[in-house]
Amino acid sequence: MKFIHISDVCLGAKPDAGKEWGDKRTGEIEETFKNVIQVCQDEDVRLLLIAGNLFDAPPTLEDLEHLDEMLLPLTGTRIVISAGDRDYIAPGSPQETYKFKSKTVILPRDRTTNAYLKGINTCVTGYSYGRAEYPDPVLENISPGRPDAVNILLGCGGTEGHMPFKNEVLARKGFDYIALGGSTRPVHILKNRMAYPGSPEPLSHLDIGRRGYIIGEINDGVTKIRWKPISKRQYINMTIEISSDFSDQEIIEGVFKKMRKLGFDNIYTIVLKGIIERDMHLNFKKIKDRFNVYTIIDKTLSRHDENKIYDENQHNLIGKFIDNIKESYEQDEEVRTKAVRYGIEALFTSGDR
């Protein structure tokens, strides 16, 4: 039985509101969700598991109708959804009463429910949020629903206030697979048995790297899963090492080449590092006009700063470190300069003094 596991799609979310590319992101989140639906069709997937936060907020009736239309083409796929902390099922909300035309089930709020899917002999057991927070370990108290079927746990949580759990407790429950949500970052907790897929699209500049979904198969009691990327964009932190040997134009060209190689659609945070001889006033306008630059962080130090740092830290860890480096590499100025620079950066980053 082939399945796909997604979570934290957050339909309707508006990442990077106010940025030049921000208006596109809401539509891209939906497009990527549609791409997952297409994969279900292309790969003959029998079960689509959505482990919380399909919507960025509790959906309206119109939201559910639109979702139903998107899922209708999945004639050979069963869909089971658990509501999460963002799209929880409030009493009297449309999620409680909506009747899907597609082969979709939303697990009811505030109680453990077994959704037995006879055609694929699979029991999906889960618990939908009825409010935004659950401080108790709800998922730890859920057990497989049918001994004669494939058993899957569908749940959203794992952090304080959101159904916290211990990995080892869930691992001992005996489920064939544990499909988790509530993390925008993919995490494979127990090989082939328990995982977070992460969000299909990154939802903030803190979501560094690729985003995607999990596709798996359960046959004769053996589960195998793979994580696959699908996002249209990535957030990338790009560190640029500079020195006073570089001209302003060389630095700009270096950034441009690196970004062109990584991709025009990605969203970049540029971090400038190094010790420089002079004040540098870099004009990134052309880069910002052509690429998606979320922010530029200047972590460079001038020679004046380096001397000032030594004067202010002669009697602590930084001062002792600089003294040791100067003594060890007295005859090699280039190595000494680099060692001092890297050491100061590391010490200031770690917060040690």
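Our subject is the structure listed above.
Every value quoted in this text rests on a predicted model; they were computed, and no experiment measured them.

### Topic: the pattern of salt bridges
Move 1: Inspection of every chain in the model, using the stated rule, returns 14 salt bridges.
Move 2: Note that aspartate 110 and arginine 131 form a salt bridge whose closest N and O atoms lie 3.9 Å from each other. Here arginine 131 lies in the loop between strand 6 (122-126) and strand 7 (150-156) and aspartate 110 lies in the loop between strand 4 (104-106) and strand 5 (113-117), a separation of 21 residues in the sequence.
Move 3: The salt bridge involving aspartate 207 is made with arginine 211; its shortest N-O contact spans 3.8 Å.
Move 4: Among the residues examined, aspartate 207 registers a relative accessible area of 7% and is labelled buried.
Move 5: Assessed through its relative accessible area of 3%, arginine 211 is described here as buried.
Move 6: Within the structure, one salt-bridge network assembled from shared partners comprises Arg25, Glu28, Glu201 and Arg233.

### Structural notes on helix 8 (residues 317-328)
Move 1: An ideal rise of 1.5 Å per residue puts 16 Å on 12 residues; helix 8 measures up with 16 Å between its terminal C-alpha atoms.
Move 2: Inspection of helix 8 places Ile318, Gly319, Ile322 and Ile325 among the buried residues, and these make up the whole buried set. Take helix 8 and look down its axis: the buried residues cluster within an arc of 130 degrees, on one side only. Those residues of helix 8 that are exposed and aimed more than 90 degrees away from the buried face are Lys320, Glu327 and Ser328.

### Observations concerning empty space enclosed by the protein
Move 1: For the structure on display, the rule yields 1 cavity of 30 Å³ or more.
Move 2: One number sums up the size of the largest cavity: a volume of about 40 Å³.
Move 3: Split by residue class, the lining of the largest cavity holds 8 nonpolar, 1 polar and 1 charged.

### A word on the pairing of strand 14 (residues 267-276)
Two faces, one strand: in a regular strand the side chains alternate between the faces of the sheet.
Move 1: Taking burial as the measure, the 10 residues of strand 14 include 9 buried ones, the bulk of the element.
Move 2: Note that strand 13 (residues 235-241) and strand 14 share 7 bridges and pair parallel. Bridge pairing links threonine 239 to valine 271 in strand 14.

Conventions adopted
Residues numbered from 1 in each chain as written. Predicted model: local features only at pLDDT ≥ 70, side-chain atom pairs only at ≥ 80, totals over all residues. Heavy atoms only, no water. Salt bridge = Lys/Arg side-chain N within 4 Å of Asp/Glu carboxyl O. Helix = DSSP H or I, 4+ residues; strand = E, 2+ residues; numbered from the N terminus. Buried < 20%, exposed > 50% of the residue type's maximum accessible area, 1.4 Å probe, protein only. Expected span 1.5 Å × (residues − 1). Arc of directions from axis to C-beta. 1 Å grid on protein atoms, 1.4 Å probe; cavity = no way out; pocket = protein on both sides within 12 Å on 5 of 7 lines; lining within 4 Å. Points joined across faces, edges and corners; volume = space filled by probe spheres on them. Nonpolar A, V, L, I, M, F, W, Y, C, P; charged D, E, K, R; others polar. Pairing = 2+ DSSP bridges.

Function-wise, these values are silent; they only describe arrangement.
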